[in-house]
Amino acid sequence: MAETAIAPSFPATFDAAVITGGYQTETCWNAYVNGDTLCVWEFDDWLPRGKIVERYSDWMQARFTKYKGTPDQPRTWGDAGNLIHHALRLGIIEEQAGPDGERGWRLLHREMRWVVEGTGHRKQAVQVRGLPPSEQAARDRKEEALAKLRATLDRKARAKADPEIARLVESTLRYDPDTVVPERWSTRGPAPAWTVGTRLDACAGVVRKAHHAAEIDRHAVTDWIRALKHEQCCAMGRPRRRAAERAAQSPHAEIPEDDTAALEALL
């Protein structure tokens, strides 16, 4: 979007917000600023004001259904300038003029330096990158310990789910032996892409172990079981529906042999 197409006051609104910051909310603000900045920059290293406002508007509308700000509104320029103010404060970006002297900013760090930890009223933004050496070393050790704990919990959740997953696959085949693997099991679940459209009885072993092969986390395990239960419910009624469809497609009912002989006698 070219700046010549917008009101002359809009860049001034942006620049003022870059200086003052405008507003800051919540204890998780720094983490939200970090995440929003990375989404605005996407794969670019440097952005000018106009492009920042355009990307900011698109991202906010995608993130919040109630956000209606567009690049042709001064409030949107102020909101985007507020993001730049806090991204500068956190050291995520730095100001750098473009090739033609155009004002712009360069992204310094592509990894999240601030993350949200805790839940409910305990939720807060915590810095995990860019700390002083001793603090960074302590934080890295904590991250490593948490990663190991999460991996252990996920592995136990997968193992605990084995009997239920096996039961659901078995019962689905019992209700409908002709079941084929639905696409959603692969696009939104751990089933390999090659199994889609394949008869379930031909790849049941693969499906039963798919959550282990994909190493899904404990939350995804819950979603996977829910998907298997849904397919089990669908399988209950499928044979009856197929029979009804076949009957409806039949051009006429077959005449019993006795009735056929009687008709021939009359002709």
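Structure shown above.
Residues numbered from 1 in each chain as written. Predicted model: local features only at pLDDT ≥ 70, side-chain atom pairs only at ≥ 80, totals over all residues. Heavy atoms only, no water.

**Description of the pattern of salt bridges**
As enumerated under the stated definition, the model contains 25 salt bridges in all. Between R167 and E164 there is a salt bridge whose closest N-O contact spans 3.8 Å. Separated by three residues within a single helix, R167 and E164 lie in helix α5 (residues 133-175), roughly one turn from each other. For the salt bridge of D223 with R226, the shortest nitrogen-to-oxygen distance reads 2.8 Å. One end of the pair is D223 and the other is R226, both in helix α9 (residues 218-249) and three residues apart, which spans about a single turn. (Salt bridge = Lys/Arg side-chain N within 4 Å of Asp/Glu carboxyl O. Helix = DSSP H or I, 4+ residues; strand = E, 2+ residues; numbered from the N terminus.)

**A short note on the packing of helix α1 (residues 9-20) against helix α3 (residues 49-63)**
Two elements in contact, α1 and α3, have axes whose closest approach is 11 Å; the angle formed by their N-to-C orientations is 80°. Looking at the two axes, α1 sits roughly perpendicular to α3. Side by side, α1 and α3 meet where P11, F14 and D15 of the first sit next to R49, I52 and V53 of the second. (Axes fitted to C-alpha atoms, helices over the stretch in contact; angles between N-to-C directions. Parallel < 35°, antiparallel > 145°, perpendicular 65-115°, else oblique. Contact = heavy atoms within 4.5 Å.)

**Description of the pairing of strand β3 (residues 104-107)**
Of the pairings in the sheet, the one linking strand β1 (residues 46-48) to β3 comprises three bridges and is antiparallel in character. From the neighbouring strand, P48 faces β3, where its bridge partner is G104. Across three bridges, strand β2 (residues 93-95) lies against β3 in antiparallel orientation. Across the sheet, the residue bridging to E95 is W105, located in β3. (Pairing = 2+ DSSP bridges.)

**Overview of α1**
Look at α1: 17 Å from first C-alpha to last across 12 residues, which is about the 16 Å you get at 1.5 Å a residue. Burial in α1 covers these residues: F10, P11, F14, D15, A17 and V18. Buried positions in α1, seen along its axis, are confined to an arc of 160° and lie on one side of it. Along α1, exposed side chains directed more than 90 degrees from the buried face belong to I19 and T20. As for α1, its buried residues are in contact with α3, α4 (74-89) and β3. (Expected span 1.5 Å × (residues − 1). Buried < 20%, exposed > 50% of the residue type's maximum accessible area, 1.4 Å probe, protein only. Arc of directions from axis to C-beta.)

**Structural notes on the packing of aromatic side chains**
Inspection of the entire model under this criterion finds five aromatic pairs. Taking 6.3 Å as the distance between ring centres and 80° as the angle between the ring planes, the aromatic pair formed by F14 and W77 counts as edge-to-face. Of the two residues, F14 sits in helix α1 while W77 sits in helix α4, which places them 63 residues apart along the sequence. A relative accessible area of 0% places F14 in the buried class. Judged by centre distance (5.5 Å) and plane angle (55°), the rings of F14 and W105 are tilted. Highlighted residues: F14 in helix α1 and W105 in strand β3, separated in sequence by 91 residues. Connected via pairs of aromatic rings, a cluster forms that spans F10, F14, W77 and W105. If you follow R63 out to its NZ or CZ, it ends over the ring of Y32, 5.2 Å from the centre. When the ring centre of Y175 is taken as reference, the NZ or CZ atom of R174 above it lies at 5.5 Å. (Phe/Tyr/Trp six-rings, centres within 6.5 Å; stacked < 30°, edge-to-face > 60°. Lys NZ or Arg CZ within 6 Å of the ring centre and 35° of its normal.)

**Thoughts on the nonpolar core**
Ranked by internal contacts, the top residues of the largest apolar core, which has 27 residues, are F14, W41, I52, I84, I93 and W105. Tallying contributions element by element places helix α2 (residues 29-41) first for this core, with six residues. Not counting chain neighbours up to four residues away, the residues in contact with W41 comprise W46, L47, I52, R55, I84, I93, W105, R106 and L107. Counting 17 residues, the second largest nonpolar core, distinct from the first, contains I165, V169, V207 and W224. (Core = buried A, V, L, I, M, F, W, Y, C linked by side-chain atoms within 4.5 Å.)

**Quick notes on the pairing of strand β5 (residues 124-127)**
Pairing of strand β4 (residues 114-117) with β5 involves four bridges; the strand directions are antiparallel. Each residue of the ladder has a partner; that of E117, found in β5, is Q124. Joining the antiparallel neighbours β4 and β5 is a turn of six residues, in which G118 adopts a positive phi near 90°.

**A look at α9**
Spacing of three or four residues puts side chains on the same side of an α-helix, whose turn is 3.6 residues. Look at α9: 46 Å from first C-alpha to last across 32 residues, which is about the 46 Å you get at 1.5 Å a residue. Helix geometry: α9 is bent most strongly at R238, by close to 35°, with proline P239 lying one to four residues after it. All of the buried residues in α9 are V221, W224, I225, L228, E231, Q232, A235, G237 and R238. Those residues of α9 hidden inside the fold are in contact with α5, α6 (184-187), α7 (204-208) and α8 (210-213). (Bend = angle between axes of the 7 residues up to and from the residue.)

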